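# A look at the structure
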Amino acid sequence: MKAINTIRDSANIGLGILSAAFGLKGFLLSSHFIDGGATGVSMLISDITLIPISILIFVINVPFLWIGYRKLGLWFAIKSTVAIALLSLCLAVVQFPDVTHDKLLTAVFGGVFIGTGSGLAMRGGAVLDGTEIAAVLVSKKTQLLKVSDFILLLNVLIFGVAASVLGVEPAMYSILTYMAAAKMIDFLLNGIEQYSGVTVISTKSDAIRRAITVTLGRGVTIYQGKSGYGKDGHVNDPRDIVFTVATRLEIPSLKQTILRIDPKAFIVQQSIDDTTGGLLKRKKLH
């Protein structure tokens, strides 16, 4: 099993490297568009100084790889270092055709291939851009910035500099590239069936539990809680709290089922980035 996982991870990282390199050399570099993160910084510096991007991508990621080694472990750092080194080598050696000169197609599909490459590498346990390592570290140090906030602020700075160096139009197309890449990464990591967590607080929790498990075929977790202050006026009244996970497409029918049982039910919904184990797939209903 360990050998199979290693082969699968290596295949994901290898395909990710080829996809990212194709997105860069087949689309973005000839049009002087950039991506976000460390890759975008490398492309921007390469445009200004004419230093090969294959060198810059590795050099700029070295500090992030060191942080990854300190915070995430040696194996992660080794895989990421090898992945970024192979990406640099691929950019230096492999020749890719310049697919199109259409600016819109270049921005969108360049982002799609780069995002696909980054997403596949992440699924293999490595990164092709070390910015997210720094983002995780900053988010742990301060309560003001989440990982996504740090990445957004960094990219705003990068694209602001790009607007002054490359021009406003290339910078705007570069933002479109970044958005396409981000969507592809999200799709590869979370899949088309994005899950949402639903917490239900109701005096009719047992009926709601039966409806979710029997009618909808979903698993639930029951918490023991007490009411604090509500319209029913019962303070410290013990009640069961129902928690379940469902896809976004199932949320409307789930809410309708709950509110049909208890129109006064308090429903809290939150997005879930990842799930492991548990009853995530629907059981067959007989």
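Residues numbered from 1 in each chain as written. Predicted model: local features only at pLDDT ≥ 70, side-chain atom pairs only at ≥ 80, totals over all residues. Heavy atoms only, no water.

### Regarding the packing of aromatic side chains
- Evaluated as defined, the whole model comprises 7 aromatic pairs.
- Consider the rings of F22 and F27, whose centres lie 5.5 Å apart with planes at 80°: the pair is edge-to-face. Of the two residues, F22 and F27, neither departs from the other in class, the shared state being buried.
- When the centroid spacing of 5.2 Å and the interplanar angle of 15° are considered together, the rings of F33 and Y173 count as stacked. Linking F33 in the loop between α1 (2-31) and α2 (37-49) with Y173 in helix α8 (residues 168-190), this pair joins segments that are 140 residues apart in sequence. (Phe/Tyr/Trp six-rings, centres within 6.5 Å; stacked < 30°, edge-to-face > 60°. Buried < 20%, exposed > 50% of the residue type's maximum accessible area, 1.4 Å probe, protein only. Helix = DSSP H or I, 4+ residues; strand = E, 2+ residues; numbered from the N terminus.)

### Looking at the pairing of strand β1 (residues 195-201)
- Counting buried positions along β1 gives 6 out of 7 residues, so the element sits mostly inside the fold.
- Relative to strand β3 (residues 238-247), β1 is paired through 7 bridges, and the arrangement is antiparallel. Residue pairing across strands places S196 opposite A246, the latter belonging to β3. (Pairing = 2+ DSSP bridges.)

### Topic: the environment of T177
- For T177, the location among the structural elements is in helix α8.
- Sequence-wise, T177 and G111 are 66 residues apart; in three dimensions their C-alpha atoms are separated by 4.3 Å.
- Excluding residues that lie within four positions of it along the chain, T177 makes contacts with L28, I34, D35, A107, G110 and G111. (Contact = heavy atoms within 4.5 Å.)

### Regarding the nonpolar core
- Residues I17, L24, I57, L87, L91 and L128 are the most contacted members of the largest nonpolar core, which totals 30 residues.
- Residue assignment for this core shows that the elements contributing at least two residues are α1, α2, α3 (53-72), α4 (74-93), α5 (103-123) and α7 (147-165).
- With residues near it in sequence (within four places) discarded, L91 still touches A21, L24, K25, I53, S54 and I57.
- Core analysis: the second largest hydrophobic core is formed by 11 residues, L216, V242, I251 and A265 among them. (Core = buried A, V, L, I, M, F, W, Y, C linked by side-chain atoms within 4.5 Å.)

### Considerations on the UniProt feature "transmembrane region" (unreviewed entry) in the chain
- Mapped onto this structure's residue numbering, the UniProt feature "transmembrane region" (unreviewed entry) falls at residues 12-34, 40-60, 72-94, 106-126 and 147-165.
- Taken end to end, residues 40-60 is 86% helix and 0% strand, and its first and last C-alpha atoms sit 11 Å apart.
- Across residues 106-126 one finds 86% helix and 0% strand; the C-alpha atoms that close the span lie 26 Å apart. (UniProt positions renumbered as here; feature names shortened; annotations may be inferred.)

### Quick notes on α4
- Look at α4: 28 Å from first C-alpha to last across 20 residues, which is about the 28 Å you get at 1.5 Å a residue.
- Residues of α4 that are buried include every one of F76, A77, K79, S80, A83, I84, L87, S88, C90 and L91, and no others. (Expected span 1.5 Å × (residues − 1).)

### As for the side chain of S88
- Position of S88 relative to the elements: it lies in helix α4.
- On the basis of relative accessibility, which here comes to 7%, the residue S88 falls in the buried class.
- Apart from residues no more than four positions distant in its own chain, S88 is found in contact with S54, I57 and F58.

### With respect to the sheet that holds strand β4 (residues 266-271)
- Pairing in this open sheet of 4 strands is antiparallel, and the strands run β2-β3-β1-β4 from one edge to the other. The two strands at the open ends of the sheet, each matched to only one other strand, are β2 (220-226) and β4. When the angles between neighbouring strand axes are averaged without regard to direction, this sheet yields 25°.
- As paired elements, β2 and β3 share 7 bridges and run antiparallel to each other. Among the inter-strand pairings, K226 is bridged to a residue of β3, identified as P238.
- Where helix α10 (residues 251-261) meets the sheet, it contacts β1, β3 and β4, and its direction lies at approximately 165° from that of β4. (Axes fitted to C-alpha atoms, helices over the stretch in contact; angles between N-to-C directions.)

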